[in-house]
Amino acid sequence: MIRTRYRQAVKHDDNISPLASDPTRSAALSLLSAVLDRHRSLEDGLDSLPPMDARDKAAAHRLAATALRRRGTIDTVLDPYLKRVPPDLVMHVLRLGAAGLLFLDTPAHAAVATAVGLARARKLEKFAGLVNAVLRRVSENGQAALEELDGPRLDTPPWLWTGWGKDARDIAVAHQTEAPLDITLMPGEPVPEGGDLLPTGSVRFPAGTRVADIPAFVAGRAWVQDAAAALPARILNAQPGEYVADLCAAPGGKTAQMAAAGARVTAIELMSARVPRLTGNLERLGLTAEIITGDAATWKPDGKLDAILLDAPCSATGTIRRHPDVPYLKQQGDMMSLAATQDRLLTAAIGMLQPGGRLIYAVCSLQPQEGPDRIAAALSWLPVKIDPIRRSEIPGLEFAVTRDGFVRTHPGLWGDLGGLDGFFIARLRRL
């Protein structure tokens, strides 16, 4: 890996192409800087971009996401050509150029020229020669260097690799490729052309598919939801007329599943900024739910609930293949505070249930502290018991049911189908 913290430019190359930076590269640089320098999510970075063509914006996201997803490998390839580390923004320009060369099949001339143009456009003129020289070397030698590197290990922070145990390599390999697009259909909606019906009922499209090109989505008959994210509501199995709650509801996919099943749903969302998206998604689908902005841990229903879905705030390490910014936004030290929040919500949720009522606890995390450890803690002080999930409830993923009756998915599963997000799911009954 790169070792020193200050910099030395190589001799300027007067033959650099004058091709200027394009909007896609400029936007990608803003996104990469937002994550690595300001610790903001890619989603927040996208919202902060100036107005631009949707395809250019998508291409910028793909380029920045690739640079994040393969950062460890990219930095290792760049390292031999850098006597000292350049300023952060220059390093990001190099990462974007290398991402295009190594992983996105960008022609060498275009990758080098646009990176140089980007450096100049960002007033980094004195580093243009460095960018040119380094990326030319990467274009000549980078692919051969990749064959000697352990990409999955380099691209995974050690604390995550250790926490994933025996599944670490399978998970890390799955993170190297872009995730497919999954949708959930309204009841009775036929499988759209180009989609593959998965055993669990979700419909999958190839990575890069634009959801706006799927007629069922445009018609308000489907919504975007990873196949694993659809499992908690499927296992809850809300029935018509049941009084149920989705305690951490935005963006609304699980609320939509329960409302489409005919349940009386109350959706609670703490973050007011996320409520318009939740409301808009339900309106687009023609579904009804009571929406409350507030803390689910202090909310009181107007009667005891039949069932609760608690998809608790978590580290989101199960979604890294879709959100490669997660390893740069979360740290091992976050686990303690997240666990405290999860315990607080579990305690509140159990108090809302009628005797015999069921609770689905789910987290899109691969960390044991947020999954089985939280259920063990809940059993020690709450009036609940485990209601084991049966293999027949998740066809095609029977092997994801643990000996304790929990569900544990991770991106390395279903490799022949394109993988799926990492989730931990448990079902509890109020005593």
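Under the annotation held in an unreviewed UniProt entry, the protein carries the name rRNA cytosine-C5-methylase and is attributed to Acidisoma cellulosilyticum. UniProt's Sequence similarities (unreviewed entry) comment on the protein is quoted here verbatim: "Belongs to the class I-like SAM-binding methyltransferase superfamily. RsmB/NOP family."

Take the overall build of the protein next. The helix and strand tally for the protein stands at 17 helices and 12 strands. Taken against the 2.2 N^0.38 rule, which gives 22 Å for 431 residues, the C-alpha radius of gyration of the protein at 23 Å falls within 12% of a compact globule. By the burial criterion, 53% of the 431 residues in the protein qualify as buried. Here the protein has roughly 18,900 Å² of accessible surface; of this, 52% comes from carbon and sulfur atoms. In the protein, which carries 50 positive and 48 negative side-chain charges, the distance between the mean positions of the two groups comes to 4 Å.

What UniProt calls "active site" (unreviewed entry) maps, in this numbering, to Cys364. Structurally, Cys364 is set in the loop between strand E9 (353-363) and helix H17 (372-381). Residue class for Cys364 comes out buried when judged on its relative accessible area of 15%. Each residue touching Cys364, except ones within four places of it in the same chain, is listed here: Asp311, Cys314, Ala316, Thr317, Gly318, Thr319, Gly422 and Phe423.

So, on to the pairing of E9. Of all the 11 residues making up E9, eight are buried; the element is thus mostly covered by neighbouring parts of the structure. Strand direction decides the pairing type here: strand E8 (residues 305-311) and E9, joined by six bridges, are parallel. In the sheet register, Ala307 faces E9, and the bridge partner there is Arg358. Here E9 pairs with strand E12 (residues 423-430) via six bridges, running antiparallel. Residue pairing in the sheet places Tyr361 in a bridge with Ala426 of E12.

This part is about the domain arrangement of the protein. For interface size, the figure often reported is the accessible area lost on association. By domain assignment, the protein separates into domain 1 (2-154) and domain 2 (229-430). Of note, the centres of domain 1 and domain 2, computed from C-alpha atoms alone, are 38 Å apart. Contacts between domain 1 and domain 2 engage 11 residues on the former and six residues on the latter. On the domain 1 side of the contact with domain 2, Val35, Leu68 and Arg69 bury the most area, a combined 43% of that side's loss. For the pair domain 1 and domain 2, the interface holds one salt bridge. The shortest N-O distance in the salt bridge between Glu43 and Arg277 comes to 3.6 Å. When residues of the side of domain 1 that touches domain 2 are traced back to their parent elements, those giving at least two are helix H1 (23-36), helix H2 (42-48) and helix H3 (54-69). The element that contributes the greatest number of residues to the side of domain 1 that touches domain 2 is H3, accounting for three residues. A class-by-class count of the residues in the side of domain 1 that touches domain 2 yields five nonpolar, two polar and four charged.

Moving on, we come to the sheet that holds strand E1 (residues 181-185). Within the open sheet, the four strands sit side by side as E2-E3-E1-E4. Their pairing is antiparallel. Each edge of the open sheet is held by one strand with a lone partner, namely strand E2 (196-197) and strand E4 (222-224). By the bridge criterion, three bridges tie E1 to strand E3 (residues 203-205) in an arrangement that is antiparallel. Bridge pairing in E3 places Asp182 opposite Arg204.

The subject of this paragraph is the side chain of Thr66. Mapped onto the secondary structure, Thr66 falls in helix H3. Exposure remark for Thr66: the relative accessible area of 7% places this residue in the buried category. With near-sequence residues (within four places) excluded, Thr66 lies in contact with Ile74, Ala99, Phe103 and Leu104.

It is worth spelling out the side chain of Glu370 at this point. Mapping Glu370 onto the fold places it in the loop between E9 and H17. Although Glu370 lies buried, it forms no salt bridge, and the closest oppositely charged side chain, Lys330, sits 7.4 Å away as judged by the N-O distance. A distance of 2.5 Å separates the side chain of Glu370 from the side chain of Ser315, its partner in a polar contact. A polar contact is formed between the side chain of Glu370 and the side chain of Ser365, at a distance of 2.6 Å. If near-sequence neighbours (up to four positions away) are discounted, Glu370 is found in contact with Cys314, Ser315, Met335, Leu338, Gln342, Tyr361, Val363 and Ser365.

Among the eight residues in helix H13 (residues 253-260), seven count as buried, and that is most of the element. The set of residues buried in H13 consists of Gly253, Lys254, Thr255, Ala256, Gln257, Met258 and Ala259. Positive backbone phi, approximately 95°, marks Gly262, located one or two places after H13.

Right, let's get into the packing of H1 against helix H5 (residues 88-103). For the pair H1 and H5, the least separation of the axes is 10 Å and the interaxial angle reads 120°. If you check the angle between H1 and H5, you find them oblique. Pair H1 / H5 crosses with right-handed handedness. Only Leu89, His92, Val93, Arg95 and Leu96 of H5 make contact with H1, whose side of the interface consists of Arg25, Ala28, Leu29, Leu32, Ser33 and Leu36.

Using the residue numbers shown here, the UniProt feature "binding site: S-adenosyl-L-methionine" (unreviewed entry) corresponds to Cys248, Ala249, Ala250, Pro251, Gly252, Gly253, Lys254, Glu269, Asp295 and Asp311. Counting through the fold element by element, Lys254 comes out in helix H13. Residues in contact with Lys254, not counting those within four places in the same chain, are Gln225, Ala229, Pro232, Ala233, Asp246, Leu309, Asp311 and Phe423. Relative to the assigned elements, Glu269 resides in strand E6 (residues 264-269). Residue Glu269 is classed as buried on the basis of its relative accessible area, which comes to 4%. Apart from the residues lying within four places of it in its own chain, the contact partners of Glu269 are Cys248, Ala249, Ala250, Arg274, Val275, Leu278, Ile292, Thr293 and Gly294.

How each quantity is defined
- Residues numbered from 1 in each chain as written.
- Predicted model: local features only at pLDDT ≥ 70, side-chain atom pairs only at ≥ 80, totals over all residues.
- Heavy atoms only, no water.
- UniProt positions renumbered as here; feature names shortened; annotations may be inferred.
- Helix = DSSP H or I, 4+ residues; strand = E, 2+ residues; numbered from the N terminus.
- Rg over C-alpha atoms; globule rule 2.2 N^0.38 Å.
- Buried < 20%, exposed > 50% of the residue type's maximum accessible area, 1.4 Å probe, protein only.
- Areas by Shrake-Rupley, 256 points an atom, 1.4 Å probe, with all protein chains shown as cover.
- Lys, Arg positive; Asp, Glu negative; His and termini not counted.
- Charge placed at Lys NZ, Arg CZ, Asp CG, Glu CD.
- Contact = heavy atoms within 4.5 Å.
- Pairing = 2+ DSSP bridges.
- Domains from an automatic or database assignment.
- Buried area = accessible area lost by both parts, 1.4 Å probe.
- Salt bridge = Lys/Arg side-chain N within 4 Å of Asp/Glu carboxyl O.
- Nonpolar A, V, L, I, M, F, W, Y, C, P; charged D, E, K, R; others polar.
- Polar contact = N/O pair within 3.5 Å; in protein donor to acceptor, adjacent residues only side chain to side chain.
- Axes fitted to C-alpha atoms, helices over the stretch in contact; angles between N-to-C directions.
- Parallel < 35°, antiparallel > 145°, perpendicular 65-115°, else oblique.
- Left-handed = near helix turned anticlockwise from the far one by under 90°.

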